[in-house]
There are 2 protein chains.
Amino acid sequence: MLELRLVQGSLLKKVLESIKDLVNDANFDCSSTGFSLQAMDSSHVALVSLLLRAEGFEHYRCDRNISMGMNLGNMSKMLKCAGNDDIITIKADDGSDTVTFMFESPTQDKIADFEMKLMDIDSEHLGIPDAEYQSIVRMPSAEFSRICKDLSSIGDTVVISVTKEGVKFSTAGDIGTANIVLRQNTTVDKPEDAIVIEMKEPVSLSFALRYINSFTKATPLSETLTISLSSELPVVVEYKVAEMGYIRYYLAPKIEEEEDTNV
Amino acid sequence: MLELRLVQGSLLKKVLESIKDLVNDANFDCSSTGFSLQAMDSSHVALVSLLLRAEGFEHYRCDRNISMGMNLGNMSKMLKCAGNDDIITIKADDGSDTVTFMFESPTQDKIADFEMKLMDIDSEHLGIPDAEYQSIVRMPSAEFSRICKDLSSIGDTVVISVTKEGVKFSTAGDIGTANIVLRQNTTVDKPEDAIVIEMKEPVSLSFALRYINSFTKATPLSETLTISLSSELPVVVEYKVAEMGYIRYYLAPKIEEEEDTNV
DNA sequence: CCGAGGGAAT
DNA sequence: ATTCCCTCGG
């Protein structure tokens, strides 16, 4: 028996908007500690890792670990039927092959339940090693999104370079080249506007903008994000989900060929 | 060496939106007095003339006259990467075959530079004679845009007729005819809402709406525009660019055949 | 807060 | 031509 009650239902709606374009089907894993998902994108290049901790739910009951395979497109369709202020409850009976989403309007005047068939999905639980990163950048998520969108109108690869002074995003394409430099800045009015560079070693890596741009679907989840970079390791782009968890996107760097022409 | 710093960068963004659909490639001419462009549209029917005076820039350095051939589509793509509040600097080194656009965010936290290849373009500097016009109409640019859009759903030619009382925009097409009359009106709350007719002689001329409608891309640049009309002369549709210059569109009248059926 | 409409980008 | 985004109105 599973019953997870999330007062801020809009969070779950946003979480699905953040992953459904990247991943078609995935297993949600539910244990006593939380609700999580880990999946490769459909082209098997990027990896998404979601965690919503049990403490973030108003009510959290999960009698035994279960893995529920869902089609994220269909799940997203159902969650779109929840109002942004609705309380969402996820329910599944033991042994059932369905999951139920219940939406309660704030006034309790409207109660909806949507039942969805579960699917069997081969899950490939890639262990994600906890790594030390050479550089970690924290910045406003909207700014990151804007930069990556802008650069993709020029090229299809972004080079992210971190030095102590700041972070540089570069690209090159047929029509020209572009460099956008953000300098470290922690003396801002609102802390979420800060650009914080935590650099152990300078690093410069290339990534396909196509994937980075789909990561930025998570922008509505959090005002800030962190980008963790190390040579030879996949970059980690992390958005916190309120106080209850995170979405992390992993993407392997492109092997540099001629990209270093404009670093 | 060329270095032009424009604090209100959104002006340059809007200027490009105003001409890039009409002209594919053009030379920007830079002299000590200003930054200008003059080009025929790609079908060689309409003419665009842009002037941004040196005084409108915060910093203006142009050591010697140069002509820089640019693809306006690509330039527009790059300028779209500037924020509306950004300060834009245009730079070119002597003898270089590239131009650099630099965008500084208001807070200076973000500095971007975009480099674009210049092109060789045959420029045909048509001298534009300064003419006396029989009638000049000043009116809100949004209203002109709306009228021309509306009329083009009925016909493909607009007849603009000016009398002392007002200005009439007419069209005719398969489904019927349309006449929109604006009477002179200077007693308005906001001066930019005025409709001012400066008539020496009544005039009535026909124009292809297709071109007029692409002129109205400049509507965001200015609340008002002027339409200068004389028989046998191209109409001039002028939008002021803040305090620093203008965009003028020239279009020859259609020779009237059967259009007088609904004048 | 939601839905519809319009404009822009691909 | 389609889809997405953003703005406006209820």
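Higher on the page you've got the structure.
Okay, so let's go over this structure. Just so we're clear, the structure is a prediction, and the values are computed from it rather than from any experiment.

Counting 157 residues, the largest nonpolar core has Phe169 of chain A together with Phe101 and Phe169 of chain B as its most contacted members. Those residues within four positions of Phe101 of chain B in sequence are excluded, and the remaining contacts are Met70, Met75, Met78, Leu79, Thr89, Ile90, Ala112, Asp113, Phe114 and Met116 of chain B.

Another aspect to go through is the pattern of salt bridges. Opposite charge on two side chains makes pairing possible when the charged atoms of those side chains draw close. Tallied over the entire structure, the rule returns 24 salt bridges over all chains. A salt bridge links Arg64 of chain A to Asp94 of chain A, with the nearest nitrogen and oxygen atoms 3.6 Å apart. Linking Arg64 of chain A in the loop between β5 (59–62) and β6 (66–71) with Asp94 of chain A in the loop between β7 (87–92) and β8 (98–104), this pair joins segments that are 30 residues apart in sequence. The exposure class of Asp94 of chain A is partly exposed, given its relative accessible area of 47%. Put simply, Glu238 of chain B and Lys240 of chain B hold a salt bridge, and the shortest N to O gap is 2.4 Å. Relative accessible area serves as the criterion here: at 12%, Glu238 of chain B is assigned to the buried category.

Attention shifts here to the relation of the copies chain B and chain A. Superposition of chain B onto chain A requires a rotation of 117° combined with a translation of 1.4 Å along the rotation axis, giving an RMSD of 0.1 Å. With respect to symmetry, the two chain copies, as superposed, fit the operation of a three-fold axis. Residue Pro220 of chain B of chain B places its C-alpha closer to the rotation axis than any other residue of that unit, at 17 Å.

What follows is about the side chain of Lys110 of chain B. Counting through the fold element by element, Lys110 of chain B comes out in strand β9 (residues 110–117). Buried charge without a partner: Lys110 of chain B forms no salt bridge, and the closest opposite charge is Glu143 of chain A, 4.4 Å away. In this structure, Lys110 of chain B is in contact with Glu143, Arg146, Ile147, Ile180, Val181 and Leu182 of chain A together with Phe103, Glu104 and Ser105 of chain B, ignoring residues within four places of it in sequence.

What follows covers the interface of chain B and chain A. Between chain B and chain A, the residue contacts involve 17 residues of the former and 17 residues of the latter. Between chain B and chain A the total buried area reaches about 1,400 Å² when both faces are included, carbon and sulfur atoms providing 47% of it. Of all residues in chain B, the largest losses of buried area upon contact with chain A belong to Cys81, Asp109 and Lys110 of chain B, amounting jointly to 40% of the total for that side. Linking chain B with chain A are one salt bridge. At the boundary of chain B and chain A, one finds eight residue pairs in polar contact (both at pLDDT 80 or more). When residues of the side of chain B that touches chain A are traced back to their parent elements, those giving at least two are α2 (72–79) and β9 of chain B.

Reading the values: rules and limits
Residues numbered from 1 in each chain as written. Chains lettered and ligands numbered in written order. Predicted model: local features only at pLDDT ≥ 70, side-chain atom pairs only at ≥ 80, totals over all residues. Heavy atoms only, no water. Core = buried A, V, L, I, M, F, W, Y, C linked by side-chain atoms within 4.5 Å. Buried < 20%, exposed > 50% of the residue type's maximum accessible area, 1.4 Å probe, protein only. Contact = heavy atoms within 4.5 Å. Salt bridge = Lys/Arg side-chain N within 4 Å of Asp/Glu carboxyl O. Helix = DSSP H or I, 4+ residues; strand = E, 2+ residues; numbered from the N terminus. Least-squares fit on C-alpha atoms with pLDDT ≥ 70 in both. Lys, Arg positive; Asp, Glu negative; His and termini not counted. Buried area = accessible area lost by both parts, 1.4 Å probe. Polar contact = N/O pair within 3.5 Å; in protein donor to acceptor, adjacent residues only side chain to side chain.

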